[in-house]
Structures are given as structure tokens and as C-alpha cells.
Amino acid sequence: MSPKYDKHTTGSQLVNDLKANIEGKVILVTGVTPSGIGAGFSLAVAKASPRLIILAGRNPASAKKTAEDIANVNPAVLTRTLTIDLSSFKSVRDAASQVNSWEDVPFIDVLVNNAAIAATPWEKTEDGFENQFATNHLGHFLLTNLLTGKILASKTPRVVSVSSNAHRLNPIRWSDINFGDGKYYNKWWAYGQSKTANNLFAVQLAAKLGHRNLQAYSLHPGVFLGSGLSDHLNWEETDFGTLKEAEAVMGTCYLYRDFEPKNADEIIATHIYAAFTDDLRKNNGAYLLDCHVADQYEEEVWPWSIDRIEADRLWTLSEELVGQKFQY
């Protein structure tokens, strides 16, 4: 019987329990700024001796620092850094092309789409899309699909998309994903839309590629105050009120009923569980939190973010927006 995990489970415990599943793996992680969750995940799993960890981030110096930290944890683990700006389709394509050119890396066992921005001011990317939707969803959608050849070459292919319980703040705005080109922009609604997209992406990846042995999951890691993700927010002034406003419009979201922050070891636990446990195959495509499959009836996940019709619709829209179709 598998161990019972919960919100207090640590990444260290899971690395110990799942060591056999981590050892020898090739892992690509986006968002690897030192002290962030992606870096914490990478350092933790390095202790279990994966073969290679590819550290993908916008800042080469940050990725290099995380690589150095991994070497200090376990010098036997190989690392490579990859520069990528997920808000730019050109940067994503260049990064994917670089990875696909590495002949000595014929497969990727686990892709962890971890990088994100949260509740940022209105900004439109060079490709013409709202920045949070572009960075958190479209960039990862494009990267994952461009690397699918190497992912499917693994014997145990898996894609993990880091979402949030903030998916409850907004569904996909099908008629206006760009918020009227900023005219109707609400940074929390935009964040919620991007996190809903993360969930739906996992649902559709499982639907399209589950028959080829790929497992895909989305997850809420919990609340972590040390990642820097929300450093730009002023919770004592307008932002908290804006979040309350979003909650009022979209319904009672229960975002505050369990706002207890996790520590640095706890916050990476669901990442590790999603990436390496053997217990999830019957729930392929699921949204996870606290190391378990979320329960819709307990209001842990909103229906609009796991609906298969919505997931198929988002896939089609995403192909249109990135300008490329992916047939499987």
C-alpha cells in the first residue's frame, strides 16, 4: 500500500520514497530562479541521482547558479541550462530547437512546466497576447508540443503543469482572452484564466497522448511566500481588495479557507508526487493538490478547469494563437 500523503508531506520524504523512480531520469524544469519552487524541486530530486536536469529560465545567470547548487548537492548529476522567455514564441521555438538538436539527450522523461508570473500589470507580448496567458499557458503549450518527440521517446513520459487554486478566479474568456486589449483588464482574472488553462492543458494532453503512455497532470503546490512570485504585490492596499472583487464576481472561491503557507520542503512535495509517483495512471490528466487528486465535490477544483470539452476547445484555440497545429 502506498504511503498516505497530505499537505504537510515534504519533498524530502517523497524523494526518499520515490528514489527508484527518479534515479537515472532526464528532467526538464522551467522557472529555476534560486530560492524559487522550480529550483527547490530540482535540488531535492538531485539527491536521488537523476541522470540529467535541464534548467530552463529567462535569466542565464539564475539558471547557472541553480546548476552550481545542484553540483554541491550531488556532483554526479549532470545539468544543462537553457535560456527561454516563455512570453516570446520565437524564444520558445529557439529553445526547443536547441534541445531537439542535443543528440546526446535522445529523450526527456519528465517535463515540469513550472515557470509563471502572477497578477502582473497589463502588458501585451510581442506576439500580441496578454502577458500572463502567454507566459503561463501559451509558452508552455508551444514548448511541450515542440518537445513531444523527445518526451514520447521516454519509456515513462510525463508532463507536469504547475497551476494554482487561483484557477477558481476565472474560466477561459473565449470571446476576449485579451481583456479588450487591456480595457477590461483585471490582473487576478487574468491570472485565474492562465491557471485554468494549465489545468485544461493537462486534461487534453492526457486525452491525446495517454494511449502512447504519456501521463500529464496539473497541480496546486500550495502557498509559498519565499518564491518571489508575488513580491510585486501590495496586499495591504489595492491588490487584496481586487482579489476579493474577483471572488465576488466569479462566486465564492474559498481561496482563504486554507491560506496557511507551506515551507520550502513542503511546497515542492506535490511537484515530486506528480512527476514520479506510480499511483496516478488511472487518474491521467488530473489536477492535484497536497499530494492527492483534487475532489470536485469538496470544492478543491472548479469544473470549468477540468472539463474535457473546454480542454479540447482550448487546445484548438492555442494552436490558432501560436500558429501551428500538432497532430497526434
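Structural data are supplied above this passage.
Since this is a predicted model, take the numbers as computed values, not measurements. (Residues numbered from 1 in each chain as written. Predicted model: local features only at pLDDT ≥ 70, side-chain atom pairs only at ≥ 80, totals over all residues. Heavy atoms only, no water.)

A. Geometry of the overall build of the protein. Counting its secondary structure elements, the protein contains eleven helices and eight strands. Counting only residues that meet the buried cut, the protein has 57% of its 328 residues in that class. Pairs at least 24 apart in sequence give 78% of the contacts found in the protein among residues at least 6 apart. Put simply, the protein shows about 13800 Å² of open surface, and 50% of that area lies on carbon and sulfur atoms. (Helix = DSSP H or I, 4+ residues; strand = E, 2+ residues; numbered from the N terminus. Buried < 20%, exposed > 50% of the residue type's maximum accessible area, 1.4 Å probe, protein only. Contact = heavy atoms within 4.5 Å. Areas by Shrake-Rupley, 256 points an atom, 1.4 Å probe, with all protein chains shown as cover.)

B. A look at the side chain of N186. Among the structural elements, N186 can be located in the loop between β5 (158-162) and α8 (187-209). For N186, the side chain forms a polar contact with the main-chain nitrogen of W188, separated by 2.8 Å. (Polar contact = N/O pair within 3.5 Å; in protein donor to acceptor, adjacent residues only side chain to side chain.)

C. Expanded view of the nonpolar core. By size, the foremost hydrophobic cluster in this structure holds 47 residues, and its most contacted members are L28, I54, L82, F133, L147, L205 and L214. If you list the elements that add at least two residues to this core, you get β1 (26-30), β2 (52-57), α5 (89-100), α6 (131-146), α7 (148-152), α8 and α11 (308-322). The biggest single contributor to this core is α6, with seven residues. Counting residues in each nonpolar core, the second largest holds 38 residues, with V112, V162, L280 and A286 among its members. (Core = buried A, V, L, I, M, F, W, Y, C linked by side-chain atoms within 4.5 Å.)

D. Quick peek at the pattern of salt bridges. Evaluated as defined, the whole model comprises eight salt bridges. The partner of K65 in a salt bridge is D69, with the nearest N and O atoms 2.8 Å apart. Pair noted here: K65 and D69 are both in helix α4 (residues 60-73), with a separation of four residues, about one helical turn. Residue classification places K65 among the partly exposed positions, given a relative accessible area of 38%. Looking at D69, the relative accessible area reads 19%, which means it is buried. Between D94 and K90 there is a salt bridge, and its shortest N-O distance comes to 2.8 Å. Of this pair, D94 and K90 both sit in helix α5, separated by four residues, roughly a single helical turn. We classify D94 as partly exposed; its relative accessible area is 43%. (Salt bridge = Lys/Arg side-chain N within 4 Å of Asp/Glu carboxyl O.)

E. Focus on the pairing of strand β4 (residues 110-113). Residues of β4 alternate between two faces, with V110 and V112 on one and L111 and N113 on the opposite face, all of them buried. Relative to β4, β1 runs parallel, the two being bridged by three bridges. Opposite L28, over in β4, you have L111 as the bridge partner. Looking at chain direction, β4 and β5 are connected through four bridges and run parallel. In the sheet register, V112 faces β5, and the bridge partner there is V160. (Pairing = 2+ DSSP bridges.)

F. The packing of α8 against α11, seen in detail. Remark: α8 packs on α11, axes separated minimally by 8 Å, with the N-to-C direction vectors making an angle of 95°. Viewed along their axes, α8 and α11 adopt a mutual orientation that is roughly perpendicular. Together, A197, L200, F201, V203, Q204, L205 and K208 of α8 and R308, E310, A311, D312, L314 and W315 of α11 make up the contact between the two elements. Class assignment of the residues belonging to the contact of α8 with α11 gives a composition of eight nonpolar, one polar and four charged. (Axes fitted to C-alpha atoms, helices over the stretch in contact; angles between N-to-C directions. Parallel < 35°, antiparallel > 145°, perpendicular 65-115°, else oblique. Nonpolar A, V, L, I, M, F, W, Y, C, P; charged D, E, K, R; others polar.)

G. Summary view of the sheet that holds β5. What the eight strands build is an open sheet, ordered β3-β2-β1-β4-β5-β6-β7-β8; its pairing is mixed. Taken across any chain shown, the strands that pair with only one partner, and hence form the sheet edges, are β3 (78-83) and β8 (292-293). The sheet contact formed by strand β7 (residues 287-289) and β8 spans two bridges and is antiparallel. Bridge pairing in β8 links L289 to H292. Across the face of the sheet, α6 comes into contact with β1, β4 and β5 while running at roughly 170° to β4.

H. Inspection of helix α10 (residues 269-276) at higher detail. α10 sits mainly inside the fold: eight of its eight residues count as buried. The set of residues buried in α10 consists of A269, T270, H271, I272, Y273, A274, A275 and F276.

I. Representation of the packing of aromatic side chains. Overall, the coordinates contain eleven aromatic pairs when judged by the stated rule. Each ring, one from F41 and one from F276, has its centre 6.4 Å from the other, and the planes form 10°; the classification is stacked. Of this pair, F41 sits in helix α3 (residues 37-46) while F276 sits in helix α10; the two residues are 235 residues apart in sequence, bridging distant segments of the chain. The pair formed by F41 and F276 is uniform in burial state, with each residue classed as buried. Ring centres of F179 and Y185 lie 5.6 Å apart, and the angle between their planes is 85°; this geometry places the pair in the edge-to-face category. The pair F179 / Y185 is uniform in exposure class, with both members buried. Ring pairs connect the aromatic residues F141, F201, W315, F326 and Y328, which therefore count as one cluster. The ring of W102 carries R80 above its face, with NZ or CZ at 4.7 Å from the centroid. (Phe/Tyr/Trp six-rings, centres within 6.5 Å; stacked < 30°, edge-to-face > 60°. Lys NZ or Arg CZ within 6 Å of the ring centre and 35° of its normal.)

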